Each structure stands twice: as structure tokens, then as C-alpha cells.
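Notes for the structure review
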Amino acid sequence: MENDIADKYEHLLVEEKELSQKIATCEQCVTAVLSCIEQHSDSIHLHTVEDVVGLIHTISSDLQTELLHLRLEKSVMASKLHAVQL
């Protein structure tokens, strides 16, 4: 039983790292789009850029929610793992 819980916990750690990387990627994309606006605001369609940034923000928010649920599950697993090790 302890091995199953430990394996699940390790899997959650990997998932947490991946979700964190996805969120960081979204932030980098927003930064890149904002930089593009600074350089080309006179030659791009700003409403479209606003839509793009909004969609990236929505993706990031969804990932943040997923990360929150994962961290809750990870906390439960950590508690179970601690209880089994006692």
C-alpha cells in the first residue's frame, strides 16, 4: 500500500512540474505578444491581439485551476503517505 501511495505521489510531482511549465509558457507568450504590440502597434490589428491575449489568459487560468486541484490531491497523498510510514 505504501508503494502505491508513494508512486501516486511521485506521479503527482511530475504532473505538477508539467503544469507549472505550461503556465510559465503562457506567461512567456503573453510577454511576447505585448512586446510585439510595442514594436508593431501601428501595423497590427489590436482587437485581434486583444483576443489572442485573452485566450492565452483563459488557458493559463484553466491550467492554474488544474494545478490547484492537483496540489490538493498531492496534499492528501502526502498525508496518507505520512500516516502509512508511522
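Report on the accompanying structure. (Residues numbered from 1 in each chain as written. Predicted model: local features only at pLDDT ≥ 70, side-chain atom pairs only at ≥ 80, totals over all residues. Heavy atoms only, no water.)

**Thoughts on the packing of helix H1 (residues 2–40) against helix H2 (residues 46–85)**
Formally: Every axis in this analysis is a line fitted to C-alpha atoms, fitted for helices over the stretch in contact. Angles between the N-to-C directions lie between 0 and 180 degrees. The way it works is that DSSP assigns letters per residue, a run of H or I at least four long becomes a helix, a run of E at least two long becomes a strand, and they are numbered from the N terminus. Angle categories: roughly parallel below 35 degrees, roughly antiparallel above 145, roughly perpendicular from 65 to 115, and oblique for all the rest. Crossing handedness: left-handed means the near helix sits turned counterclockwise from the far one by under a right angle, and right-handed means the same turn made clockwise. Just so you know the grouping, Ala, Val, Leu, Ile, Met, Phe, Trp, Tyr, Cys and Pro go in nonpolar, Asp, Glu, Lys and Arg go in charged, and all remaining residues, Gly too, go in polar.
The interhelical angle for the contact between H1 and H2, taken along N-to-C directions, is 160°, at an axis separation of 8 Å. Compared by their axis directions, H1 and H2 come out roughly antiparallel. The handedness of the crossing between H1 and H2 is left-handed. Per-class residue counts for the contact of H1 with H2 are 24 nonpolar, 4 polar and 10 charged.

**Concerning the environment of Leu-70**
This is how it is decided: Accessible area is worked out with a 1.4 Å probe on protein chains only. A residue is then buried under 20% of its type maximum, exposed over 50%, and partly exposed in between. Whether two residues touch is decided by their heavy atoms; if any such pair falls within 4.5 Å, the residues are in contact.
By the element assignment, Leu-70 lies in helix H2. Overall, Leu-70 belongs to the buried group, its relative accessible area being 5%. Not counting residues up to four positions away in its chain, the partners in contact with Leu-70 are Leu-12, Glu-15, Glu-16 and Leu-19.

**Remarks on the nonpolar core**
Heads up, the rule is: Nonpolar cores were defined as sets of buried Ala, Val, Leu, Ile, Met, Phe, Trp, Tyr and Cys residues, with membership established by side-chain atoms within 4.5 Å.
Core analysis: the largest hydrophobic core is formed by 14 residues, its most contacted members being Leu-19, Leu-63 and Met-77. Secondary-structure elements contributing two or more residues to this core are H1 and H2.

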